[in-house]
Each structure stands twice: as C-alpha cells, then as structure tokens.
Amino acid sequence: MDTVLSIKNLTKHYGRVKALNNLSLDVARGNVFGILGPNGSGKTTTLGILLDVINKTSGEFAWFGQPPSKEVRKRIGAILETPIFYPYLSATKNLQIVAKIKGASVENIDPVLKRVELYERRHDKFRTYSLGMKQRLSIASALLCDPEVMILDEPTNGLDPQGIAEIRELIKEIAKDGKTIILASHLLDEVQKVCSHFCVLKKGNLIYTGSVEDVSKGAVTVEVSAEDDDLSEILEAYEGSTKVEKDGVHHLVSLKEGKTATELNAYLFSKGITVSHLNTQRKSLEKQFLELLAESDNA
Amino acid sequence: MLKLLQIDLVKLKNYRAFWVLNILYGLLIVSIPITVMEFLKWLKLQGADFDGFDPLKIPVLYFPDIWQNIAYVYTFLKIFLAIVVVISISNEYSYKTIRQNIIDGMSRIDFIKSKLATILLLSIGSTLLVFITGMLTGIIYTPNVEFAEMFTGIQFVFAYFLDLFTYLVLAFFLTILLKRSALTVFILLLFTPIEYAITANLPEALEFLIPYFPLHAINNLIAFPFKKYWFQEIQDYIAWEAVLVVVAYIVLYVYAIKTKLQKSDL
Ligand SMILES: Nc1ncnc2c1ncn2[C@@H]1O[C@H](COP(=O)(O)OP(=O)(O)OP(=O)(O)O)[C@@H](O)[C@H]1O
Ligand SMILES: [Mg+2]
C-alpha cells in the first residue's frame, strides 16, 4: 500500500477539552477518505494539525513518508471550514497569491477558474461572490498546484441542493484523476456518495475505520413491484427473506446475508411472477453510523 | 525573500487604505518644508519685527542644519506608516488569511519575513523621500550652497531610517499580540504619553533606566535640534549607545513575534 498520510497517536488538548485523543490512521494513495463525525468531534482539529495551523499536544504524523514541512504542504491543496480569501481582491489576484506561495505557475490560474466555472467572474472582488462561488473558488485554489492530495472540510456546507450536487460532481471528477482526497463531513450521505474509505470520530476518539464498500456489504433490502395480488404472501414464503414490508407502491424485502436480488427474482419467476420493478438498496451508511455511535456509547 | 515581498505587495497594492495613508504621508513630508519657508516669507512680508532680525535668515532649512531638523520633525509622522503596518497584519487575522497562507505552504517564519520585508521597503522608501526632499529644499533655500555642507549631518537621515524601522517593527509586534487594528492603533497612540508619564515619575535611583524604555530608546536617536536657535547646547550627533539599544529592541521584537506565532494555533 502506498501510504500518503500516516498518523500515530495524535492528541490535542484545549485546556481540559480533549479535542483529539490518540488518533492513529493511514490513508492510501488514490483513496477518497471521509472523516465522519458529529459536530465538535475533532474533524477540523485533526485537519488543522495535519496542515500545521494547530499545534499538536502529542503524537506524530507523516505526509508522503516525510515529517511535516512547508514543502510538503505545497503538494497539498486544502481548505479548512470556510473559504478564506482576501475579500478586496479579485479571484485572479487571490489565486496569484496562492500560486506564489505554492510555487505553482500563474498559467494554471485561468484553467482552474474555468474548471469551477468562475472564469467569467474572475475580475470581480471575492467579497461580491455568493457562498457557492466562494466554495468553488476554494476548490479552484486547492487545485492550483495540481496537488497530490486534496483536503476538504465540509465543502458543501451551506449550499443549496444544486450547489451540493455540483460540488460533489467536481469532487468525483477530481478523484477520477487519481488524486487522494480527504474529506471531513458530518453528512453521511455525502461520504457514502463520494468516498471510498472513511473513519468515524466521536469526541476526539476514533471509533471506526474501513471502506465504504464493506459497510454496504452484508444484508441488503430489495424493492419489488409486480402486478400480482398474491405478491405479499409469495414474498413472505421466500426462504431467503427475513422481513417484508409494504412501502407505498413497492414491497421492501429484507434478505438474509448472502442472498441477492438476482436469486429473489429467479424465485419470483419460478412462482410465475414477472416483476415490474426490482431495486437493491444498499444498507445506508446512516444506519451503520448511528449503530456505531450507539455501540460506542454502550462501550 | 524577494518572493515573500512580492506576495505581500500583491495583498497591499490593491488595498485602498494602503495608498491613502502612504500618499498622505508623502504629501506631508514634501509639504512641510515648503510650508515653513513660505510661512517665514509671509512673516517677512507682513513686516514682522524680530528686533530687526530677518526671519528668512533663521537657518532651519539651510544646509547643514536641515538634516537634523527635518529628520526630527518627520519622526512625528511615522504613525501613518505604523497604521499601514497594523492594518496589513491585523487584516491577516480578521480575514484568517494568515491561516490559509500557512495551509498553502508558507512557514510561520516566511510570514514574518514577508511582513518584515514590507516594513523594510516602507522604511527605505520613506527615507529616500526624506533624503530627496531635504536635498531639494536645501539646494533651493540655502544661500550660497557649498558642496561639502550639503552632506554634513546626513547621518540623521540614517537615524530617521532606524527610528522609523524600529517603530514599525514595534507596531508589528503589538499587532501580533493584540490582533485587532483599532485596539493596536489606540495602544500605539497611548504608548508615548504613558511611557513619558512613567519615566517622569521614576524615582531618582531608577532614572538611569530611562534611555532603555522602548520609545525613549527610539527618540534618543535624533535629539531635539531647535534649542540651538535660542542659543543652547544641542546634541548634534547620533549616540552609538542609542543605536545599540534600538538594534537590541529590534532583535527582541522579532524574537517575540516569532515565539508568539510559533506557539499559537491559527
Ligand atoms: N480554539 C479552540 N479553543 C478551545 N477549544 C476548541 C478550539 N477549537 C476547537 N475546540 C474544541 O475542540 C473540539 C473539536 O472541535 P472541531 O472544530 O475539531 O470539531 P469538528 O469535528 O470540526 O466539528 P464541526 O462538525 O462542528 O465542524 C470541540 O469540543 C471544540 O469545542
Ligand atoms: Mg469542523
């Protein structure tokens, strides 16, 4: 595994508040890694330490196998919490500053502005931008140096549904370029939609880490519709189902672990039913997340 | 270092208050000697009578007196440039851009260097303006200019530079400590009266400490020159002790800025 980031026993105390407690974590190259956790769980604190704006209390971390330094940070594109720019400067001028700091070419400025669709507004002052535009400018800024790693802290915070969809599309596109992305969020749905791996923090403690796929594995629920009055009974009779519910137009069939929609479909066909709708629902991360949080409460 | 200066200049070049304060400062520097001379001419025209003494004969702006005189007077204007420095640094806190600069790949030391570079540039620029203004004023008004006299006392222009630079580094330090611009400017304005109130009431046994107070140290570089016009002794040289104390203060401020920034979460 090509490790981009490795964290060992990272701890941060603010007075008596333990914002981060003995966090150990590895992020591999090419991962879209979600840091999930409720408000105040230490996501921003973790990223702040990794970017050297917050001093750690103890522990260690390494980027690309090297100790933290400004040279290492130049290979990372990052935004913490909110987009931060000089409000009285235009997008172009702001990005000039970033390019100079990162040692990136100013030639990159126009292409990244085009990529986030701010090129037409590039000469307007940052102050005059809408929240969505500000958010997009910070992604442009993070892309400026063609970074190996991108760090995004709640990049869709405060956006409308269309804005959220746009930003997520952008993140997925960037991930396709093979970049490693570390994304902090308290939106489970967001992590499920864009991430390949994730961890869960709670009050500064790591309570889970793994791949999104693994979570979605296991028992699945299938939506079924068919024009047959006996559908309910036939579904109930299926030996692979654990529960059948009626949800408006569809039946929701909870399958035993290992059973798939294909097998269910074959069973129904053998009973002379042709389905008009068949859809596998992945077990939502939300459920899993709530389960995890509950478990950690009991522990 | 040059790159760090460029970065800071992009931030300032497009900031209105930067130009307003600099231009105001420049205009004051250029206009003070003109105003003084025109005022003396006007006095003479009004037939003001100083026991038959011609006001234009007072050599305040003649070589070689001019250097110490203008250097002394101009140091009262340095608050304008200090405000430029305070705003340029407190903005980084209020916009949180100091945090983003570091995230983007500056070190905290780089940040300090970039601000010090700007302070150095302001000080050098201002010193040049003082030099040019002094030269032109002297050449225009001094009767029978002699080349040797033109540069006598020129060391006060250097003292002016040191005075200004130290004060601006002090402003930098106070801003890092207080973070907010209005508060910092307020403290900077109160600094002089408070320090002078303290030193005025110092017990005699401690009076030897007076030259080591921060603003006294700066002000000791250029002694008050005008007493000579009522025939009193003045200190018409720069004391090496004063230079040493001021340099020690610069080192101290920069060290304190560095320590404070490295300890703090941004
Ligand atoms: N400057 C600070 N001083 C004191 N406590 C702080 C400071 N910054 C953060 N904390 C505390 O550290 C803990 C973690 O905060 P952090 O900002 O990392 O949470 P987060 O996971 O990013 O939350 P959110 O989802 O709300 O952004 C919280 O309890 C918070 O109160
Ligand atoms: Mg946060």
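Residues numbered from 1 in each chain as written. Chains lettered and ligands numbered in written order. Predicted model: local features only at pLDDT ≥ 70, side-chain atom pairs only at ≥ 80, totals over all residues. Heavy atoms only, no water.

Visitor: Hey, could you run me through the side chain of B:T133 in this one?
Guide: Tracing the backbone through its elements, the reader meets B:T133 in helix α6 (residues 108-141). Look past the residues within four positions of B:T133 in its chain and what remains in contact with it is B:I29, B:V30, B:P33 and B:Y74. (Helix = DSSP H or I, 4+ residues; strand = E, 2+ residues; numbered from the N terminus. Contact = heavy atoms within 4.5 Å.)

Visitor: Is there a simple way to explain the site of ligand 1 in this structure?
Guide: Residues and elements named next belong to chain A. Around ligand 1, the surrounding shell holds 13 residues, and the nearest of these are N39, G40, K43, T44 and T45. A distance of 3.0 Å is found between an oxygen atom of ligand 1 and a backbone nitrogen or oxygen belonging to G42. For ligand 1, an oxygen atom lies 2.6 Å from a polar atom in the side chain of T44. A total of 640 Å² of accessible area belongs to ligand 1 in isolation, and the protein chains cover 61% of it. Going through the elements one at a time, β2 (17-28) and α1 (43-50) are the ones with two or more residues in the shell around ligand 1. The biggest single contributor to the shell around ligand 1 is α1, with three residues. (Near = heavy atom within 4 Å. Polar contact = N/O pair within 3.5 Å; in protein donor to acceptor, adjacent residues only side chain to side chain. Areas by Shrake-Rupley, 256 points an atom, 1.4 Å probe, with all protein chains shown as cover.)

Visitor: How do you make sense of the nonpolar core when you look at a structure like this?
Guide: Inside soluble globular proteins, nonpolar side chains tend to come together where they are buried. Among the nonpolar cores identified, the biggest contains 117 residues, and A:W63, A:I76, A:I151, A:I182, B:Y160, B:F172 and B:L221 are the most heavily contacted of them. Broken down by element, the residue count for this core peaks at 16 residues, all from helix α8 (residues 155-178) of chain B. Here A:I151 is in contact with A:L47, A:L51, A:W63, A:I76, A:G77, A:A78, A:I79 and A:I182, once residues within four sequence places are set aside. One finds A:L95, A:I139, A:C195 and A:L293 within the second-largest nonpolar core, a separate group that totals 47 residues. (Core = buried A, V, L, I, M, F, W, Y, C linked by side-chain atoms within 4.5 Å. Buried < 20%, exposed > 50% of the residue type's maximum accessible area, 1.4 Å probe, protein only.)

Visitor: Explanation requested: the sheet that holds strand β1 (residues 3-14) of chain A in the structure shown.
Guide: Residue and element names in this part refer to chain A. Spatially, β2-β1-β4 is the arrangement adopted by the three strands of the open sheet, whose pairing is antiparallel. Looking along the sheet, the strands with just one partner apiece sit at the ends: β2 and β4 (58-63). This sheet shows a mean twist of 15° between the axes of neighbouring strands, independent of strand direction. Direction of pairing for β1 relative to β2: antiparallel, over a ladder of eight bridges. By the bridge assignment, S6 is partnered in β2 with D26. Running over the sheet, α1 touches β1, β2 and β4 and is turned about 115° from β1. (Pairing = 2+ DSSP bridges. Axes fitted to C-alpha atoms, helices over the stretch in contact; angles between N-to-C directions.)

Visitor: Would you take a moment to explain the packing of helix α4 (residues 78-94) of chain B against helix α5 (residues 97-104) of chain B for this structure?
Guide: How two helices sit against one another is set out by the angle between their axes and by the gap between those axes. Residue and element names in this part refer to chain B. The contact between α4 and α5 brings their axes to 5 Å, and the two run at 80°. Taken together, the axis directions place α4 and α5 in an arrangement best described as roughly perpendicular. Every residue of α5 that contacts α4 at N91, E92 and Y93 is listed here: T97, I98 and N101. The residue makeup of the contact of α4 with α5, split by class, is two nonpolar, three polar and one charged. (Parallel < 35°, antiparallel > 145°, perpendicular 65-115°, else oblique. Nonpolar A, V, L, I, M, F, W, Y, C, P; charged D, E, K, R; others polar.)

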